Amino acid sequence: MSMSAMRVVIAVFPGSNCDRDMMVAMEQLTGRRPQLVWHKETTLDPFDLIIIPGGFSFGDYLRCGALAGRSPVMDAVMDHAARGGAVLGVCNGFQVLTETGMLPGVLLRNAGLNYVCRDTRIKVGDTIASPFTSGLAVGTELTIPVAHNEGNYFASDDDLNRLEDNGQIAFTYVESDIHGPANPNGAAKDIAGIVSPNGRVMGMMPHPERAMTPSIGGGDGALLLSTCLEALAS
Amino acid sequence: MQVVVNISLKEGVLDPQGRAIEHSLRGLGFQEVSEVRVGKQITLDIDEADPARLHQRVARMCETLLSNTVIEDYVIEIVEQE
């Protein structure tokens, strides 16, 4: 399959606000416009990758991602994942994936109590085989912006050890010349992104779809997403 | 029946909101304050007369949506009605 044949679906919830940025990013890379799917849909056309975008689904009511995680469309997402399908959750999408239990842990309020919106430097971990990281050498550093109030990754010590032992920590925040602490939110083990035990589901706080063009915010997001699409297409 | 669910962060889970409130209280002169934690309370009216079944149903609600058991504990209180 070529990258242009990739069928990408983006789930849209009330309060999603990065769905269109992600759509533009995916179209830029594949030449094919992804399908936006409303959260009430239960039967989806066949697809290769489903993305849960950033935003404030359901106004972050109850807990970030809690209500979106129980939306009808999530059954299709979970079925897709159970069949070994690829799922990407960015920011609020990461929060949604943890709320469904597809990924362990939870994203707490940032330790500094501030909404953080700026570039971060992240490093590719020594990760299990995963389409989301396989195109990038271990240790590769990328500059990708974050924009969140609840990005403070938390999990039990057992879960954290398991993530580390299994190679599920895909991205960690690292020191750079970017102003501010390397870890913008207090996340355990400096975690910026994790993958499921089979590597097919990834959640990450930084927004690759906001780093698609060197002239606007850098191109490292395009690098990350294009390597994902290439790995999924091969 | 009316049910009150109290949801609180588990011990050991950082509560930056509670810490900020504590800081603010101390700034207002309440030096005796410590260990401020913020939780939430959800009240529900439920059409179920049997207390045991009611409790079981609400516990299911807590486990599936109302609380995130990774970080939160919940306490269910059934309010007696006349």
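Up top is the structure.
Residues numbered from 1 in each chain as written. Chains lettered and ligands numbered in written order. Predicted model: local features only at pLDDT ≥ 70, side-chain atom pairs only at ≥ 80, totals over all residues.

### Concerning the overall build of chain B
Link 1 in the chain: Within chain B one finds 2 helices and 3 strands.
Link 2 in the chain: Start at the N end of chain B and walk to the C end: the helices and strands fall as β-α-β-α-β.
Link 3 in the chain: Relative to its length of 82 residues, chain B is extended, with a C-alpha radius of gyration of 16 Å against a globular reference of 12 Å.
Link 4 in the chain: Its C-alpha atoms put chain B at 50 × 30 × 15 Å along the principal axes.
Link 5 in the chain: Split into buried and exposed, the 82 residues of chain B put 10% on the buried side.
Link 6 in the chain: If you take every contact in chain B between residues at least 6 apart in sequence, the share linking residues at least 24 apart comes to 67%. (Helix = DSSP H or I, 4+ residues; strand = E, 2+ residues; numbered from the N terminus. Rg over C-alpha atoms; globule rule 2.2 N^0.38 Å. Buried ≥ 20, exposed ≤ 12 C-beta atoms within 10 Å, placed from the backbone. Contact = placed C-beta atoms within 7 Å.)

### A short note on the pairing of strand 2 (residues 40–45) of chain B
Residues and elements named next belong to chain B.
Link 1 in the chain: For strand 2, the tally of buried residues reaches only 0 of 6 residues, placing the bulk of the element at the surface.
Link 2 in the chain: Here strand 1 (residues 2–9) pairs with strand 2 via 6 bridges, running antiparallel. Within strand 2, the position partnered with Asn6 by the bridge is Gln41. (Pairing = 2+ DSSP bridges.)

### So, the environment of Ser196(A)
Residue and element names in this part refer to chain A.
Link 1 in the chain: Within the fold, Ser196 resides in the loop between strand 10 (191–195) and strand 11 (201–204).
Link 2 in the chain: The exposure class of Ser196 is partly exposed, given the 19 C-beta atoms found within 10 Å.
Link 3 in the chain: The sequence separation of Ser196 and Met102 amounts to 94 residues, and the corresponding C-alpha distance is 7.3 Å.
Link 4 in the chain: Ignoring any residue separated from it by four or fewer positions in sequence, one finds Ser196 in contact with Met102, Leu103 and Val201.

### Thoughts on the interface of chain B and chain A
Link 1 in the chain: Taken together, the contacts link 9 residues of chain B with 11 residues of chain A.
Link 2 in the chain: Among the elements that make up the side of chain B that touches chain A, the one with the highest residue count is helix 1 (residues 16–27) of chain B (3 residues).
Link 3 in the chain: The residue makeup of the side of chain B that touches chain A, split by class, is 7 nonpolar, 2 polar and no charged. (Nonpolar A, V, L, I, M, F, W, Y, C, P; charged D, E, K, R; others polar.)

### Quick word on the environment of Glu99(A)
Link 1 in the chain: For Glu99(A), the position within the fold is in helix 3 (residues 92–100).
Link 2 in the chain: As for Glu99(A) and Ala147(A), which are separated by 48 residues in sequence, their C-alpha atoms are 19 Å apart.
Link 3 in the chain: Residues within four places of Glu99(A) in sequence aside, it is in contact with Arg63(A), Gly65(A), Ala66(A), Gly69(A) and Asn68(B).

### So, the sheet that holds strand 3 (residues 72–79) of chain B
Residues and elements named next belong to chain B.
Link 1 in the chain: Taking strand neighbours across the sheet as the criterion, the 3 strands line up as 2-1-3 in an open arrangement whose pairing is antiparallel. Each edge of the open sheet is held by one strand with a lone partner, namely strand 2 and strand 3. Adjacent strand axes in the sheet meet at a mean angle of 20° when their direction is disregarded.
Link 2 in the chain: In the sheet, strand 1 pairs with strand 3 via 8 bridges, with the strands oriented antiparallel. When the bridges of strand 3 are listed, Val5 appears paired with Ile76.
Link 3 in the chain: Sheet contacts for helix 2 (residues 51–66): strand 1, strand 2 and strand 3; angle to strand 3, the most-contacted strand, approximately 150°. (Axes fitted to C-alpha atoms, helices over the stretch in contact; angles between N-to-C directions.)

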